[in-house]
Amino acid sequence: MTPSSTKSPRDSALVRAARRQSVPHTPVWFMRQAGRSLPEYRKVREGVAMLDSCRRPELVAEITLQPVRRHGVDAAILFSDIVVPLAAVGVELDIVPGVGPVIAQPFRTHADLDRLPELTPEHVPYITEAVGMVLAELGATPLIGFAGAPFTLASYLVEGGPSKNHEHTKAMMHGDPELWQELCARLAQIAGAFLRVQAQAGASVVQLFDSWVGVLSRKDYETYVQPHSRAALSAVDDLDVPKIHFGTGTGELLAAMGAAGADVVGVDFRTSLTDARARLGDGYAVQGNLDPALLFAPWPALERAVRSIVTEGAQAPGHIFNLGHGVLPDTDPEVLTRVVDLVHEASAG
């Protein structure tokens, strides 16, 4: 199953790239690779609600492994959702198809903090079980564990669901900073504990997703968000796993996101890897950053874009090829497989 000939995930191209070490080829994986675009995913998910599918270890393991089998990517990412730990601690929510996470009662007051207890491994036993099942199949291919970052989780809780303007979130952040900081501190514990559960179960890398943080200025990020992302990432400091930090629309925040404790900074498709490296310096590996929409372009155009990113990434101290956001649902899986092969071929040696 693994595209690598190494004997341990710790020696894999992906882990080595994350540590800014030499690699035999540029490693590649795709955000949202486990699901959506794969017919085999749709088949096993048929009739199963999203949250339920994230709680069934056998199903989690199967979906996690599907893109590794099909595409030959250099890493699996555990099939889950960023709101799974919130549901695990008792937050009433649902993942509505075509909408996203919807919170039954939005968080708006200090009294709402009582609805956020600390996350412990006992809240998510199905995660530990699923990781064990995945590792038994992966061999030398590393598994990535992940969690949603405190800001993005807070935004869902405060807005009640996805938001374009994040008006309630920003109003709380500036209007009641004490409540905001306490809310994010609790979410940092939950996110950090969720990362730690996955790493202790055997994940070789973790990624913190801050999907919505690009709506903030750098000053607001550094004041209201960075300390909490740092706290979440620090939960695995003693476990010797590389940490990836990714957000969308974050070109102006890249250095601050790296300083939150990342080893690898994810770059979305709006910022070139060359510009990202200029902002980050040589202290971080980079991940990214093919525009997911280009997977629909004619192959010659797509090939040029992939080769350009591989070339740019080779100038960084470490590069993990990925999309600049997630795989779109209508993407042809054969194109993804072809991109993996091209990345490996273009970067070999």
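Cut-offs applied
Residues numbered from 1 in each chain as written. Predicted model: local features only at pLDDT ≥ 70, side-chain atom pairs only at ≥ 80, totals over all residues. Heavy atoms only, no water. Helix = DSSP H or I, 4+ residues; strand = E, 2+ residues; numbered from the N terminus. Buried < 20%, exposed > 50% of the residue type's maximum accessible area, 1.4 Å probe, protein only. Contact = heavy atoms within 4.5 Å. Areas by Shrake-Rupley, 256 points an atom, 1.4 Å probe, with all protein chains shown as cover. Phe/Tyr/Trp six-rings, centres within 6.5 Å; stacked < 30°, edge-to-face > 60°. Lys NZ or Arg CZ within 6 Å of the ring centre and 35° of its normal. pLDDT = per-residue confidence, 0-100. Salt bridge = Lys/Arg side-chain N within 4 Å of Asp/Glu carboxyl O. Pairing = 2+ DSSP bridges. 1 Å grid on protein atoms, 1.4 Å probe; cavity = no way out; pocket = protein on both sides within 12 Å on 5 of 7 lines; lining within 4 Å. Points joined across faces, edges and corners; volume = space filled by probe spheres on them. Nonpolar A, V, L, I, M, F, W, Y, C, P; charged D, E, K, R; others polar. Axes fitted to C-alpha atoms, helices over the stretch in contact; angles between N-to-C directions. Left-handed = near helix turned anticlockwise from the far one by under 90°.

## A short note on the overall build of the protein chain
Along the backbone of the protein chain there are 14 helices and nine strands. Projected onto the principal axes, the alpha-carbon positions of the protein chain cover approximately 55 × 45 × 40 Å. Counting the 349 residues in the protein chain, one finds 57% classified as buried. The long-range share in the protein chain, meaning contacts at least 24 apart out of those at least 6 apart in sequence, stands at 74%. Counting only carbon and sulfur atoms, one obtains 50% of the accessible surface of the protein chain, whose full area is about 13,500 Å².

## What about the packing of aromatic side chains?
Aromatic rings in a pair are described by how distant their centres are and how their planes are angled relative to each other. Per the stated rule, a full pass over the model turns up five aromatic pairs. Among the aromatic residues, ring-to-ring pairing joins Phe146, Phe209 and Phe246 into one connected group. When the ring centre of phenylalanine 107 is taken as origin, the NZ or CZ atom of arginine 115, which lies over that ring, is 4.0 Å away. One cation-aromatic arrangement involves arginine 338 over tryptophan 299; the distance from NZ or CZ to the ring centre is 4.0 Å.

## Digging into the confidence of the model for the protein chain
Across the protein chain, the average pLDDT comes to 96, with 98% of residues at or above 70. The low-confidence segment residues 2-6, where pLDDT is below 50, has 11 contacts with residues more than four positions distant or belonging to other chains.

## Let's talk about the pattern of salt bridges
Inspection of the entire model under this criterion finds 15 salt bridges. Salt-bridge contacts for arginine 115 lead to aspartate 112; the nearest nitrogen and oxygen are separated by 2.8 Å. On the accessibility criterion, arginine 115 (26% relative accessible area) is partly exposed. One salt bridge in this structure joins glutamate 182 and arginine 186, with 2.9 Å as the shortest N-O distance. Taken together, the residues span about one helical turn, with glutamate 182 and arginine 186 both in helix H9 (residues 177-201) at a distance of four residues. On the accessibility criterion, glutamate 182 (32% relative accessible area) is partly exposed.

## Considering the environment of isoleucine 95
By the element assignment, isoleucine 95 lies in strand S2 (residues 93-96). Between the alpha carbons of isoleucine 95 and tyrosine 224 there is a distance of 27 Å; along the sequence they are 129 residues apart.

## Re the pairing of strand S3 (residues 100-103)
Alignment of S2 against S3, held across four bridges, turns out to be antiparallel. Bridging across to S3, valine 96 finds its partner in glycine 100. Between S2 and S3, which pair antiparallel and follow one another directly, the connecting turn spans three residues, one of which, glycine 98, has a positive phi of 80 degrees.

## Concerning the layout of surface pockets
Considering only enclosed or pocket space, the largest pocket measures out at about 1,200 Å³ in volume. Lining the largest pocket are 35 residues, and of these Arg32, Arg36, Met50, Asp81 and Ile95 sit closest to its centre. Secondary structure elements with two or more residues in the lining of the largest pocket: helix H2 (39-45), S2 and S3. The residue inventory of the lining of the largest pocket, partitioned by class, reads 21 nonpolar, eight polar and six charged. Lining the second largest pocket are 13 residues, with Val23, Thr26, Gly313, Ala314 and His319 positioned closest to its centre. Where the lining of the second largest pocket is concerned, the elements lending two or more residues are helix H13 (299-313) and helix H14 (333-347).

## Section: the packing of helix H6 (residues 125-138) against H9
The relative placement of two packed helices is expressed as an angle between their axes plus a distance between the axes. The interhelical angle for the contact between H6 and H9, taken along N-to-C directions, is 35 degrees, at an axis separation of 9 Å. Seen from above, H6 lies across H9 with right-handed handedness. Taken together, the residues of H9 that come into contact with H6 (itself represented by Ile127, Thr128, Val131 and Leu135) are Phe194, Val197, Gln198 and Ala201.

## Considerations on the side chain of threonine 250
In this structure, threonine 250 sits in the loop between strand S6 (243-247) and helix H11 (254-259). Classification of threonine 250 as buried rests on a relative accessible area of 1%. Setting aside residues up to four positions removed in sequence, threonine 250 forms contacts with Val213, Gly214, Met257 and Asp268.

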